[in-house]
Each structure stands twice: as structure tokens, then as C-alpha cells.
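So you can see what is in the structure, the chains are spelled out below.
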Amino acid sequence: MLLALIGCAKSPTGRNQLLVFPADQLDAMGVQAFDEMRSELTVDKDPAINDYVRCVANAITDEVTNKSTSWEVVVFKDPNPNAFALPGGKMGVYTGMLTVAENQSQLAAVLGHEVGHVLAQHGNERMSQQQLTSAALAVAAGSGYVDPYSMQALGLGAQVGILLPYSRTHESEADIIGLDLMAKAGFDPRQSVQLWKNMAKAGGGAPPEFLSTHPAGSTRIDNLLSHMAGALQIYNEARVKGKKPNCKQPGS
Ligand SMILES: [Zn+2]
């Protein structure tokens, strides 16, 4: 019964994934979580900041092969260096991120990483793992079968499925997908390494939220560096093809 519900899939890097939930269900959850954030946080309407963030975000999402999602980015007025992308194509950038990501390529590294989580369906995979664990526990406890489509599961998913920290596997995979996206868009992939160094520096005192869910240690940087030669080749090809994003930084 349970096995019939388990979907096997391959992530963009070829890793086997268990995906229980239909993609459009995750999309709906992402849109709902985004609407809640938009009503709870302060949206920054500064045209220069919005133009800059949109310019970088659009360049990244233009490189997404599957065109079924329409992407949207909102800038939130908040000093924390934070950013996210949710299933359903919703992205958010906190203004505090713009002081840590010092140039367009570093911001592209952040957004490429976040979009990478969405493209690889990491939220769905995590929720699926949690669902299987709780179903197994319920069976073990003799309380019967847990319906993965129950509203309770959905509520749990909204809380823990798409906004909580990802595993190291998911982080590495998002880094690699993000590196590829930014290089294809014509952003210098080497700036991804600098971004994480800046992030680590920004976490000097109490770690900001983004850093606590995104450790900027040598594992991450080594992983990026091990893929850099390929990314630079993609980058150079993109530049030859005329992909030279020139997003104007606010105040510059
Ligand atoms: Zn991440």
C-alpha cells in the first residue's frame, strides 16, 4: 500500500530520490508560504534595489531549462543576510544579503543555489523522507497507516518541509546546480567562493539565519572548487555567446 505511493526519481545531478508528493502540491505550498511572508515582512519597493535584484534573478531563472515555472522575486527590507527560493518559483532576497553579496555575481551565486534547491525538489524529498519515517513509526506503534495527503501532513510540511535547513547532500547539490546556472548566465562562477567567504565573515558574532542553515566551511568551498574548471568553461562559452549581465548595483 505504502510502496505504491513512493515515486522514484533522479535529481539533476543523477542522484536517486524518493518523491512521494506531486510537484504541484509543493508548488501550492511554496506559493502559500510566500504569500504569508509577503504579508508578515516588509516589502522593499526601492526601484533601484528591485531593478538590481530582478536583473540578477531573471538572468539566473532564464537559464532554467524547464520553462513551466514563472519565477518571481521580492525584496524584503530586513538587515539579515537571507535569501530563499520556494517551489512554485517564488524567490525572496533580504536587503541584508546585498551587503554580504558584494557584486552581481555573488548575488547570482546565492540565487543560483536557492533555485538549485527548487529544481532538485529538495523540499519534496525531505517531506517524503519525513512522511515515510512517520508512517513507519505509526505502523510500528500499531496505530495504522498515515495518509501522506492528509491536511495534517501538509501543515507539517509547510512548517518543516520547505523552510528548514537542508542536509549536506542537498546543500552540495544546490551548490553545483547553482554554479552551473550562474556560469550559463554569464556570471563569474569564481565569485561563489568569495560569497561564502564573505558569508563566513558576516557570521563573526551570532551567526545570521542564512549562515546557520548554510555553513560556509571548507567542505562547501572545496566542493565548489572541484567543479570550478567545468564551470569556467561554461562561463567562457556564455560570454562568447554575448551573455554579459550588467546589473546596476544600487548606489553605484
Ligand atoms: Zn541551501
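Residues numbered from 1 in each chain as written. Predicted model: local features only at pLDDT ≥ 70, side-chain atom pairs only at ≥ 80, totals over all residues. Heavy atoms only, no water.

J.: Sorry if this is basic, but what is going on with the overall build of the protein here?
T.: Check the secondary structure of the protein and you find 12 helices and five strands. Burial statistics for the protein: of 252 residues in total, 50% are counted as buried. Here the analysis covers contacts within the protein between residues at least 6 apart in sequence; of these, 73% occur between residues at least 24 apart. Taken as a whole, the protein presents about 11900 Å² of accessible surface, with 55% of it coming from carbon and sulfur. (Helix = DSSP H or I, 4+ residues; strand = E, 2+ residues; numbered from the N terminus. Buried < 20%, exposed > 50% of the residue type's maximum accessible area, 1.4 Å probe, protein only. Contact = heavy atoms within 4.5 Å. Areas by Shrake-Rupley, 256 points an atom, 1.4 Å probe, with all protein chains shown as cover.)

J.: Would you mind showing me how to read the packing of helix α8 (residues 168–184) against helix α11 (residues 218–226) here?
T.: Orientation of α8 relative to α11, taken along the N-to-C sense of each, is 40 degrees, at an axis distance of 10 Å. Two packed elements cross with a definite hand, and for α8 against α11 that hand is right-handed. Contacts between α8 and α11 involve R168, E171, S172, D175, I176 and L179 from the former and T219, R220, N223 and L224 from the latter. Considered class by class, the residues forming the contact of α8 with α11 number three nonpolar, three polar and four charged. (Axes fitted to C-alpha atoms, helices over the stretch in contact; angles between N-to-C directions. Left-handed = near helix turned anticlockwise from the far one by under 90°. Nonpolar A, V, L, I, M, F, W, Y, C, P; charged D, E, K, R; others polar.)

J.: Explanation requested: the nonpolar core in the structure shown.
T.: The nonpolar side chains of a soluble globular protein tend to be buried, and buried together. By size, the foremost hydrophobic cluster in this structure holds 47 residues, and its most contacted members are V53, L107 and M199. In this structure, V53 is in contact with V73, V75, V93, L98 and L107, ignoring residues within four places of it in sequence. Grouped together as the second largest cluster of nonpolar side chains are eight residues, V74, F84, L86 and Y94 included. (Core = buried A, V, L, I, M, F, W, Y, C linked by side-chain atoms within 4.5 Å.)

J.: Could you clarify how one ought to interpret the state of the cysteines in this entry?
T.: A covalent bond between the sulfur atoms of two cysteines is referred to as a disulfide. Within this structure, the stated rule accounts for one disulfide. Note on cysteine connectivity: C55 is disulfide-linked to C247, with sulfurs 2.0 Å apart. Handedness of the C55-C247 disulfide follows from its S-S torsion of about -75 degrees: it is left-handed. Here the residue C55 occupies a position in helix α3 (residues 47–61), and C247 occupies one in the segment after α12 (228–240), the gap between them amounting to 192 residues. Here C55 falls in the partly exposed class, since its relative accessible area comes to 28%. (Disulfide = S-S within 2.5 Å.)

J.: How do you make sense of the packing of helix α5 (residues 104–119) against α8 when you look at a structure like this?
T.: Between two packed helices, both the angle of their axes relative to each other and the distance between the axes serve to describe the pair. Interhelical geometry of α5 versus α8 gives an angle of 125 degrees and a closest axis separation of 7 Å. Our classification of the angle between α5 and α8 gives oblique. Every pair of crossing elements has a handedness; the one defined by α5 and α8 is right-handed. On the side of α5, the interface is formed by S105, A108, A109, G112, H113, V115, G116, H117 and L119, while α8 contributes H170, E171, A174, D175, I177, G178, L181 and M182. Residues belonging to the contact of α5 with α8 are distributed by class as follows: eight nonpolar, seven polar and two charged. (Parallel < 35°, antiparallel > 145°, perpendicular 65-115°, else oblique.)

J.: Is there a simple way to explain the pairing of strand β5 (residues 90–94) in this structure?
T.: Residues in a regular strand project their side chains so that they alternate between the two faces of the sheet. Among the five residues that make up β5, five are buried, leaving the element largely enclosed by the rest of the structure. Residues K90, G92 and Y94 of β5 are buried on one face, and the alternating residues M91 and V93, pointing to the opposite face, are buried as well. The pairing of strand β3 (residues 72–76) with β5 spans five bridges and is classified as parallel. Its bridge partner lying in β5, E72 is registered against K90. Looking at chain direction, strand β4 (residues 83–86) and β5 are connected through four bridges and run antiparallel. (Pairing = 2+ DSSP bridges.)

J.: Got a minute to help me understand the sheet that holds β5 in this structure?
T.: The strands making up a sheet are joined through hydrogen bonds of the backbone, oriented either antiparallel or parallel. The strand order across the open sheet built from three strands is β3-β5-β4, with neighbouring strands paired in mixed fashion. Taken across any chain shown, the strands that pair with only one partner, and hence form the sheet edges, are β3 and β4. Recorded for the sheet is a direction-independent mean angle of 15 degrees between the axes of neighbouring strands. Packing against the sheet, helix α2 (residues 23–40) makes contact with β3, β4 and β5, and its axis sits at approximately 30 degrees to β3. Packing of α3 onto the sheet brings it into contact with β3 and β5, and relative to β3 it is tilted by some 145 degrees.

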